[in-house]
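Summary of the model geometry
Each chain, letter by letter, is given below.
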Amino acid sequence: MAGNTGPTSPAGKAKASRNALKHGLRASKWLSPEEQLDFETLAADLHAEYQPSTATQRILVERIAMCMSKLRRLHTIEDALFHKARIAATEVHAKFHLQASGITNEQAQASAMPGLKQMDVLVRYQTTLDRQLSKSIGELMVLKANEVPMLSASSDPADSNG
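Below: a short report on this structure.

Here's the deal with the overall build of the chain
Summing up its helical and strand segments, the chain has six helices and zero strands in all. The secondary structure elements of the chain, listed N-terminal to C-terminal, are α-α-α-α-α-α. In the chain, which comprises 162 residues, the share counted as buried stands at 22%. Across the chain, the fraction of contacts at a sequence separation of at least 24, relative to all contacts at a separation of at least 6, is 71%. Accessible surface for the chain amounts to roughly 11800 Å². Of this, 58% is attributable to carbon and sulfur atoms.

Okay, here's the thing in structure tokens:
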């Protein structure tokens, strides 16, 4: 008897491809159509701002755009986790009749927190992305600052004696 070979239908394969997706920050197709448009706009704005003139500079501008997009997604995930926690707090408030104990629904919602493990993961990703963003911007600024001296150093010395 042969073992299960996995899903065979296109819908089943598409669903199975998302099995290991836990938070959406490292997904290969991590941008929704709206996020893709935002990313392209951001990338174009960054290209206009930094005007990369080498392949390395273009890579750094792309990395900056990716970091910023992932940080935006992190904020969206964090908002969703807090929203989910507030809904759960409302349900607990209603189920256990906490109004009778003097706790209002608004107080229950205000004290709602997502799981600490989830928040810890988000904070670690945010820290990593913040560092990568700062490093990429710094590297790009160094390359841009050294760009002009490199060009003038390659000019004809006879031009400066004139």
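A few points about the environment of G138
Structurally, the position occupied by G138 is in helix α5 (residues 116–153). For G138, a relative accessible area of 31% gives the class partly exposed. In the structure, G138 is positioned 78 residues away from L60 in sequence and 9.7 Å away in space, judged by C-alpha atoms.

Thoughts on the nonpolar core
By size, the foremost hydrophobic cluster in this structure holds 19 residues, and its most contacted members are L46, A65, L122 and L140. If you list the elements that add at least two residues to this core, you get α2 (33–50), α3 (55–95) and α5. No other element matches α3, which puts nine residues into this core. With near-sequence residues (within four places) excluded, L46 lies in contact with Q51, V61, I64, A65 and M68.

Some remarks on the packing of α2 against α3
In the contact formed by α2 and α3, the axes pass within 9 Å of each other and the chain directions differ by 140°. In terms of axis orientation, α2 runs oblique to α3. The way α2 lies across α3 gives a crossing that is right-handed. Contacts from E35, D38, F39, L42, A43, L46, H47 and Y50 of α2 reach α3 at R58, V61, E62, I64, A65, M66, M68, S69, R72 and R73. Tallied by class, the residues present in the contact of α2 with α3 amount to 10 nonpolar, two polar and six charged.

Things to note about α3
A rise of 1.5 Å per residue sets the reference length of α3, with its 41 residues, at 60 Å; its end C-alpha atoms lie 59 Å apart and thus fit the reference within 8%. Backbone geometry just after α3 places H97 at a positive phi near 50°.

Describing unusual backbone geometry
With a phi angle near 45°, Q51 is a residue other than glycine that sits in the positive phi range. When you line up the elements, Q51 lands in the loop between α2 and α3.

What counts and what doesn't
Residues numbered from 1 in each chain as written. Predicted model: local features only at pLDDT ≥ 70, side-chain atom pairs only at ≥ 80, totals over all residues. Heavy atoms only, no water. Helix = DSSP H or I, 4+ residues; strand = E, 2+ residues; numbered from the N terminus. Buried < 20%, exposed > 50% of the residue type's maximum accessible area, 1.4 Å probe, protein only. Contact = heavy atoms within 4.5 Å. Areas by Shrake-Rupley, 256 points an atom, 1.4 Å probe, with all protein chains shown as cover. Core = buried A, V, L, I, M, F, W, Y, C linked by side-chain atoms within 4.5 Å. Axes fitted to C-alpha atoms, helices over the stretch in contact; angles between N-to-C directions. Parallel < 35°, antiparallel > 145°, perpendicular 65-115°, else oblique. Left-handed = near helix turned anticlockwise from the far one by under 90°. Nonpolar A, V, L, I, M, F, W, Y, C, P; charged D, E, K, R; others polar. Expected span 1.5 Å × (residues − 1).

Worth remembering: the numbers are spatial, not functional.
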